[in-house]
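Here are the chains, one letter per residue:
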Amino acid sequence: MKDKVLKPITRWFIVIGSVFVIITLLLYAIKVNPFEVYKLLIEGSLGSKYRIARVLNVWIPLVLCSCGLLYTFSLGLWNIGIEGQIMLGAIGATAAFKWFYPSFPSLYVMVLGFLFAIIAGGLWALFAGILKTKGGVNEIFAGLGLNFVAQGLILWLIFGPWKRPGIASMSGTEPFNRHLWLSTLKGFRVSPVALAIAVSVFIATVFIFKYTKWGLFFKAIGDNPTAGTLFGISVNKYSLFAMFLAGACAGIAGFFQTAGVYHRLIPAISSNYGYLALLIVMLANFSYWPVPFIAFFFACLNVGSIQLPMVLNIDSSLSGIIQGLSVLVFLCVYNFQKLKENSLE
Amino acid sequence: MSAEFPVIAATVVGGAAPLVFAALGETITERGGIINLSLDGSILLSAMTGFAIAYKTGSVFLGFLSAGIIGALIAAVVASSTLFLRVSQVAVGFVLALMCRDLAYFLGNPYSRIQGPQLAYTPIPFLEKIPIIGKIFFQQNIMVYGSYILIFAVWFFLYKTRWGLMLRCAGENPEAAYIRGIPVEKLKFWFTVLGGFFVGIAGALYSLSVKPGWGRPQGAEGTGWIALAIVIFGGWEPIKVALGAYLFSFLQAMGIVLQDKFSSVPAQVFQVAPFPLMIFTLLFINYFNRKEIQEKALTNPVLKILSRILKANPPASLGKVFYRN
């Protein structure tokens, strides 16, 4: 019992400590004062109401995608295609906005956009799932390939059918009509609807894993695929279902990126949040309760690092290094502890 | 067409060199049963290192050497974490793919968008005079010639040497190999490192020759994933893997040709062309490796030839964690 508490604490202590030491040394090595960097990261993300709002706008898609990935990971599937699923969600939302406005009232168009995003993201994931179950193409390569295809699709749309009147440019499509912007709080630019949906998707995920038969099946198959077949559970059916759910979650994230944050379709609409969500779920050791906290930490890093190039003339990819390094050290420490535990028995 | 053909073909051969290095490096690694998924990040970080070192020292050779060492070090992280700590190879490789890319952008910041040294063009005397072939194959730089040698060296190593046989054993059935007295862990570790070294060379080939210079983005983004797919495409056999690299290089060159014709479509759209093709070839290969098709191929002559070309058997222990007992 004592071990159950002590081990995670030592683990996190080692992870945070060594990441801190390595990053500090790295910054000294390139002759930058690390404490100035840390100060900037904290102030840049939590320093004002405006910045906290930005952090929450990153947190929303991260939590949504992480929830989706919990389903696929519980079956041992590496849904790397989640990045493209966000993009497809964004395309779905934009399509609905383009096609149905202004012939329908804006609220209906919003709901349609939301549904389109879920379906587009879900089907894109399902496609990767079918390639895996029916075609035998590893989901990592199928997903990656589809990510690049989705990126090409967005670029084609922006420069082709949906280009701005006059000049097509990398800055994206023409902004949507104001009525199609998700409303935000006064002086705090976060959509309460987006926040509420992200939180409820997370609660629903916890509920499904904890209290329903589905959750049990997901876990049972993930731990031992052959056992699932023996008990008459179709592994392929559940794999496809999990892929669809993950794609749907990513699609919702794509919807909020377009309707809530950028108000148009841009090339970098997915902002690497899918890949980041993969890191979050790994760092959460594939369980749900740490997800919102890690997602918040990662969101702070992303937002805080935006100012690094302007103020200290260093690249903003420092946030990615901190995130990746945390996962790397975590994986090593976790497996080391497990190895020691096994050798003691 | 006829006048342009040798020029385009020479571009295809030169452009394929980094893919040949990266994919053959990964072939060695995977033949030992370890999958190094970090290729995309490895190539970028070594590209940056190679360019920065060559710029600082003025020596292209030192650039290549340092790039190779960086690739080897990243591979060593993958190998040691999976061999000694039993971390999932996919997880560690994926994290490194993202992290090394960010590290490359971060550390490479001072070197972006500056003029630096490039690999010199060195035609081979006499051979370059051969009509057409000379122009295509022997008016290149020294690393391209190195890539030709590497193809046969890797083939010779895997199939004609004792070490190659032991490595393949370690990849197919590590438990049996261990009982027979083969130092499985040592083999896996050092050949993963060697494979990583070649991946690093591929990175330097981008920043010092094919897409000279450094920047964010460099232009080599995504090639690591293509190299990984090429290894599957080539069925883990060096000659076929190299052919796959040339095929993809050809497709990229075709993309440029097409782009000239449809100039209104942005370049990025053509750059994604290899990826759906990658999925399609994987699908195709997998189809031909199905039992029903293999059985049909015994009687049908056309299928027989096709399935012989497309047959791919992954090393049996690929991606699995090795337990010594």
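Residues numbered from 1 in each chain as written. Chains lettered and ligands numbered in written order. Predicted model: local features only at pLDDT ≥ 70, side-chain atom pairs only at ≥ 80, totals over all residues. Heavy atoms only, no water.

In the nomenclature of an unreviewed UniProt entry, chain B is known as ABC transporter permease of Desulfurobacterium indicum. Per UniProt, chain B carries the Subcellular location (unreviewed entry) text "Cell membrane". (UniProt positions renumbered as here; feature names shortened; annotations may be inferred.)

In the nomenclature of an unreviewed UniProt entry, chain A corresponds to ABC transporter permease from the organism Desulfurobacterium indicum. What the UniProt record of chain A gives under Subcellular location (unreviewed entry) is the line "Cell membrane".

*Asks:* Account for the overall build of chain A, naming residues and giving values.
*Replies:* Each helix and strand in chain A was counted, giving 14 helices and zero strands. Computed over C-alpha atoms, the radius of gyration of chain A comes to 21 Å, within 12% of the 20 Å expected from 2.2 N^0.38 for 345 residues, which places it in the range of a compact globule. Along the first, second and third principal axes, the C-alpha set of chain A runs to 70 × 60 × 35 Å. Here chain A, with 345 residues, has 55% of them falling under the buried criterion. Excluding contacts between residues fewer than 6 apart, the proportion of contacts in chain A whose partners are at least 24 apart in sequence is 76%. Only carbon and sulfur atoms are counted for the fraction: they give 69% of the accessible area of chain A, which is about 15600 Å². A distance of 8 Å separates the average location of the 24 positive side-chain charges in chain A from that of its 10 negative side-chain charges. (Helix = DSSP H or I, 4+ residues; strand = E, 2+ residues; numbered from the N terminus. Rg over C-alpha atoms; globule rule 2.2 N^0.38 Å. Buried < 20%, exposed > 50% of the residue type's maximum accessible area, 1.4 Å probe, protein only. Contact = heavy atoms within 4.5 Å. Areas by Shrake-Rupley, 256 points an atom, 1.4 Å probe, with all protein chains shown as cover. Lys, Arg positive; Asp, Glu negative; His and termini not counted. Charge placed at Lys NZ, Arg CZ, Asp CG, Glu CD.)

*Asks:* Quick one: what's the story with the overall build of chain B, residue by residue and with numbers?
*Replies:* Along chain B, the regular secondary structure elements total 15 helices and zero strands. For chain B, whose C-alpha radius of gyration is 20 Å, the value lies close to the compact-globule estimate of 20 Å for 325 residues. Expressed along its principal axes, the backbone C-alpha trace of chain B runs to roughly 55 × 50 × 45 Å. Going through the 325 residues of chain B one by one, you find that 55% of them count as buried. Taking contacts inside chain B between residues at least 6 apart in sequence as the whole, the part at least 24 apart equals 74%. Surface exposure of chain B reaches about 14600 Å², of which carbon and sulfur atoms provide 68%. Charge-centre separation for chain B: the mean point of 25 positive side chains lies 5 Å from the mean point of 14 negative side chains.

*Asks:* An account of the environment of P61(A) is requested, with residue identities and associated values reported.
*Replies:* All names here are of chain A. Here P61 lies in helix α3 (residues 49–74). In this structure P61 comes out as buried when scored by relative accessible area, which is 3%. Here P61 is in contact with A253, Q257 and Y273, once residues within four sequence places are set aside.

*Asks:* Describe in detail the interface of chain B and chain A, supporting the description with residues and values.
*Replies:* Chain B puts 39 residues into the contact, and the matching count from chain A is 45 residues. Taken together, both faces of the contact between chain B and chain A bury some 3700 Å²; the carbon and sulfur share is 81%. The largest share of the area that chain B buries against chain A comes from L85(B), F94(B) and F106(B), three residues that together contribute 18% of it. Linking chain B with chain A are one salt bridge. (Buried area = accessible area lost by both parts, 1.4 Å probe. Salt bridge = Lys/Arg side-chain N within 4 Å of Asp/Glu carboxyl O.)

*Asks:* Break down the packing of aromatic side chains for me, citing the residues and quoting the values.
*Replies:* Given two aromatic rings, their pairing is described by the distance between the two centres and the angle made by the two planes. A full pass over the atoms with the stated rule returns 33 aromatic pairs over all chains. Between the aromatic rings of F255(A) and F256(A), the centroid separation amounts to 5.5 Å while the plane-to-plane angle is 65°, which identifies the pairing as edge-to-face. Given a relative accessible area of 3%, F255(A) falls into the buried group. With centroids separated by 6.3 Å and ring planes inclined at 20°, the aromatic side chains of F51(B) and Y55(B) adopt a geometry described as stacked. Taken together, the residues F51(B) and Y55(B), both in helix α2 (residues 39–57) and four residues apart, mark about one turn of the helix. Accessibility expressed as a relative area gives 1% for F51(B), which makes it buried. In this structure Y55(B) comes out as partly exposed when scored by relative accessible area, which is 38%. Through successive ring pairs, a cluster of aromatic residues spans F73(A), W78(A), Y275(A), F286(A) and F94(B). (Phe/Tyr/Trp six-rings, centres within 6.5 Å; stacked < 30°, edge-to-face > 60°.)

*Asks:* Go over the pattern of salt bridges, please, and point to the residues and values.
*Replies:* Residues and elements named next belong to chain B. Inspection of the entire model under this criterion finds five salt bridges over all chains. D102 is the partner of R101 in a salt bridge, and the nearest nitrogen-oxygen pair spans 4.0 Å. By the burial criterion, R101 is buried, and D102 matches it. In this structure, K129 engages E128 in a salt bridge whose closest nitrogen and oxygen atoms are separated by 3.8 Å. Overall, the relative accessible area of 21% leaves E128 in the partly exposed class.

*Asks:* Summarise unusual backbone geometry; cite the residues concerned and give the values.
*Replies:* Cis peptide bonds are those with omega within 30 degrees of zero, and the linkage from Y101(A) to P102(A) qualifies with 5°. One can find P102(A) in the loop between α4 (82–100) and α5 (106–133). With an omega of 0°, the peptide bond between R216(B) and P217(B) qualifies as cis. Within the secondary structure layout, P217(B) lies in the loop between α9 (184–210) and α10 (223–233).

*Asks:* How would you explain a nonpolar patch on the surface if you had to name every residue and give the values?
*Replies:* On the surface, a nonpolar cluster with roughly 710 Å² of combined accessible area is contributed by F104(A), L107(A), Y108(A), V111(A), L115(A), I119(A) and L123(A). Residue position: L123(A) is located in helix α5. (Patch = residues over 30% accessible without salt bridge, like charges linked within 9 Å, V, L, I, M, F, W, Y side chains within 5 Å.)

*Asks:* Which residues make up the UniProt feature "transmembrane region" (unreviewed entry) in chain B, and what values do they have?
*Replies:* All names here are of chain B. Residues given the UniProt feature "transmembrane region" (unreviewed entry) here are residues 32–53, 60–84, 142–158, 189–210, 222–248 and 268–288. Counted over residues 32–53, helix gives 68% and strand 0%. Its end C-alpha atoms are 31 Å apart. Across residues 189–210, the secondary structure splits into 100% helix and 0% strand, with the terminal C-alpha atoms separated by 30 Å.

*Asks:* Go over the side chain of S45(A), please, and point to the residues and values.
*Replies:* Residues and elements named next belong to chain A. Along the chain, the position of S45 falls in helix α2 (residues 34–46). Take S45: its relative accessible area is 2%, and that puts it in the buried class. Engagement of the side chain of S45 in a polar contact is seen with the backbone oxygen of L41, the distance being 2.8 Å. Not counting residues up to four positions away in its chain, the partners in contact with S45 are R51, I52, V55, C300, V303 and G304. (Polar contact = N/O pair within 3.5 Å; in protein donor to acceptor, adjacent residues only side chain to side chain.)

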